[in-house]
Amino acid sequence: MDFQTRVKNHLGTYKCNVMGVAEAGIFNYQGKEYYLDYILPLDNKELNIMEKYRQDFFDSKYKNIKFHRYFHHLNSSQAMCINFFYPLIKEKKLEDIIRLIGLNGEVDYENVAFEKESTIEKGNERKTNFDFYIPLKSGKQVFFEIKYTEREFGKALKDNDHSKKYHNTYEPILDKNQAIKEKAKNEEFFLDNYQIMRNLLHIDNDSYVVFVYPEGNKKIRTTALSARDDVLEQQCKNHFILLRWEELTKKLVETVDPSLHDYFEEFWLKYLNY
């Protein structure tokens, strides 16, 4: 049984036994409806935020984001991201995460964000969004890309629209970016590695990109490691941080306030006990 299947089977069992939702959710694909246990009924999508902080999250400003189309799927990486980071916002414990990735500094809580839109991409076209963003009062920035059961990073079609966007939006940024190797500064490479390249463009002396993924998702890890070697200059590689969900959650439980231990044990049960 492959990683994705194991996770979906686990989540289906979790939905029924722990969440108390027996009804299967509907997945529409190529004109057909599939009833799947790991999907919540659309009307129950808010249940994908874990109970302890659910109401608090939906009462907060952080709910004012564009929710993904498949947010009601229990393997939604957006829901996973919120479930992990929102309690740390609420309890002012994001400094624990900053220390775990090897940085120091005081978090600028007023400007922490989910679905953080790029500030270096210009124009009115859709900009790169990061799943989570932590700014520090020192001016340093940490951008998070969250993965769960995704099989790969996105590529772009080599069509006129993407070619135009490359030349108008990304090429000027690439020209100035000292973190990216020269061999990666061309249209073909950029479009073949579209999602990763759009993320890595944001690395500079004061900016870090963190990818978080499950240990079982070997393909995501392999692709990210390859990108770090192929794309980034040696002096910038430590600004691209790869973390396994299992490692991050265990270390957090060791350092975070004991009042949050039970919550993150439940997070583990939901997402990592597959």
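Look up a bit, the structure's there.
The notes below deal with the structure included here. Just so you know, these numbers come straight off a predicted model, no measurement behind them.

Our next topic: the pattern of salt bridges. For the structure on display, the rule yields 11 salt bridges. Lys 137 is the salt-bridge partner of Glu 106, the closest N and O atoms lying 3.1 Å from each other. One end of the pair, Glu 106, is in the loop between helix H4 (94-100) and strand S3 (113-117); the other, Lys 137, is in the loop between strand S4 (129-135) and strand S5 (141-146), with 31 residues separating them in the sequence. We classify Glu 106 as partly exposed; its relative accessible area is 47%. Among the ionic pairs, Asp 192 bridges to Lys 158, the shortest N-O distance being 3.1 Å. Of the two residues, Asp 192 sits in helix H6 (residues 187-192) while Lys 158 sits in the loop between S5 and helix H5 (160-176), which places them 34 residues apart along the sequence. When its relative accessible area of 30% is taken as the criterion, Asp 192 is described as partly exposed. Because the salt bridges share partners, they merge into one network encompassing Lys 158, Glu 188 and Asp 192.

A few words on the pairing of strand S1 (residues 25-29). On any regular strand, side chains alternate: one points to one face of the sheet, the next to the other face. In this structure, S1 lies alongside strand S2 (residues 32-36), joined through five bridges in antiparallel fashion. When the sheet's bridge partners are listed, Ile 26 is paired in S2 with Tyr 35. In this antiparallel pair of consecutive strands, S1 and S2, the connection spans two residues, and Gln 30 shows a positive phi of 50°.

A few words now on the environment of Ala 184. For Ala 184, the position within the fold is in the loop between H5 and H6. Here Ala 184 falls in the buried class, since its relative accessible area comes to 0%. In contact with Ala 184, not counting residues within four places along its chain, are Phe 189, Met 197 and Val 231.

Reading the values: rules and limits
Residues numbered from 1 in each chain as written. Predicted model: local features only at pLDDT ≥ 70, side-chain atom pairs only at ≥ 80, totals over all residues. Heavy atoms only, no water. Salt bridge = Lys/Arg side-chain N within 4 Å of Asp/Glu carboxyl O. Helix = DSSP H or I, 4+ residues; strand = E, 2+ residues; numbered from the N terminus. Buried < 20%, exposed > 50% of the residue type's maximum accessible area, 1.4 Å probe, protein only. Pairing = 2+ DSSP bridges. Contact = heavy atoms within 4.5 Å.

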